[in-house]
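# Secondary and tertiary structure notes
Single-letter residue listing:
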Amino acid sequence: MLMSIQVRKKSISKSKKNSEKKNKKPHNNNPQKNNKKVNNVKKKKIIISFLFLIIIILIVVGIICFMKSSFFNINKINVKIENNKILTEAEIKDLSTINIGQNIYSINKKDIINSIKNNSYVENVKIKRKLPNAIEIQIEERTPKYQLKSDSQYIYIDEQGYILEVNSDAKDLTTIVGYQTTDFTIGNKIEESDIEKINNIPQIIQELEKNNLLNELTSIDIKWEFFSFWGYTSVIFRYGRNFS
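In what follows, the accompanying structure is described. (Residues numbered from 1 in each chain as written. Predicted model: local features only at pLDDT ≥ 70, side-chain atom pairs only at ≥ 80, totals over all residues. Heavy atoms only, no water.)

Once that is clear, we can look at the packing of helix H3 (residues 89–96) against helix H4 (residues 109–116). Put simply, H3 and H4 touch, their axes get as near as 8 Å, and they point 130° apart. Regarding the angle of H3 to H4, the classification is oblique. The hand of the H3/H4 crossing is right-handed. Here Ile 92, Leu 95 and Ser 96 of H3 lie close against H4, whose contacting residues are Ile 112, Ser 115 and Ile 116. Residues that form the contact of H3 with H4 fall into these classes: four nonpolar, two polar and no charged. (Axes fitted to C-alpha atoms, helices over the stretch in contact; angles between N-to-C directions. Helix = DSSP H or I, 4+ residues; strand = E, 2+ residues; numbered from the N terminus. Parallel < 35°, antiparallel > 145°, perpendicular 65-115°, else oblique. Left-handed = near helix turned anticlockwise from the far one by under 90°. Contact = heavy atoms within 4.5 Å. Nonpolar A, V, L, I, M, F, W, Y, C, P; charged D, E, K, R; others polar.)

Moving on, we come to H4. For H4, the complete set of buried residues consists of Ile 112, Ser 115 and Ile 116. Buried residues of H4, seen end-on, are gathered within an arc of 95° and therefore sit on one face of the element. In this structure, the buried residues of H4 make contact with H3, strand E2 (122–130) and strand E3 (134–141). (Buried < 20%, exposed > 50% of the residue type's maximum accessible area, 1.4 Å probe, protein only. Arc of directions from axis to C-beta.)

Residue position: Asp 194 is located in helix H5 (residues 192–198). Notably, Asp 194 is buried but unbridged: the nearest opposite-charge side chain belongs to Lys 197, and the N-O separation is 5.4 Å. A polar contact of 2.9 Å, which involves the side chain of Asp 194, links it to the backbone nitrogen of Gln 180. The contact partners of Asp 194, leaving out residues within four places of it in the chain, are Tyr 179, Gln 180, Thr 181 and Ile 222. (Lys, Arg positive; Asp, Glu negative; His and termini not counted. Salt bridge = Lys/Arg side-chain N within 4 Å of Asp/Glu carboxyl O. Polar contact = N/O pair within 3.5 Å; in protein donor to acceptor, adjacent residues only side chain to side chain.)

The analysis is restricted to geometry; functional conclusions fall outside its scope.
In structure tokens, the structure reads:
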């Protein structure tokens, strides 16, 4: 009986040892194998990164090719002019240098704006792309407010003092004489001293209206500290330090 019990104990202990041996993972003491695993992981990461980069490049190239395709070729140019009295759509289109059939993304907005502003009657310009194939040009036109009389010529200016045009014909505008400006380059501004005086004219016009003299006005002399408002034959009104 004792013998059988001892044999059983021995067999149980042996089976436990065998199971423990099986459960124990053998230690990998080979550094070359470890290095190979690390290198393989690095290679996989490099390959994945490279493939990702190629995909990104292909997407970008595809987008660029699509943007340059005929799908985005301009087939319409719309021109909107605010305060329009002088400018025409044809003039603006010619100044813009935009061509029908040109790719909508090939245009340089800054260059187009500068080109259109070469016309002295253009105050502000906005260029808008209307995808996929139209361009809209928005113009704010300058309005002649006064004319300077110089010998047989008239220089049209707006309320900011910009010189818009030099012409031999007089417009139905308030005529100003006695100014200091001598350079009448179109697109430039008149002398600042003249602009300061001209800025006072609207309130003086109101005085003329109150006195029922506006219909007689032919010109305004701004040479001195006071303004002389001329009628057809003589001064009809003076405004200034000693006349206000």
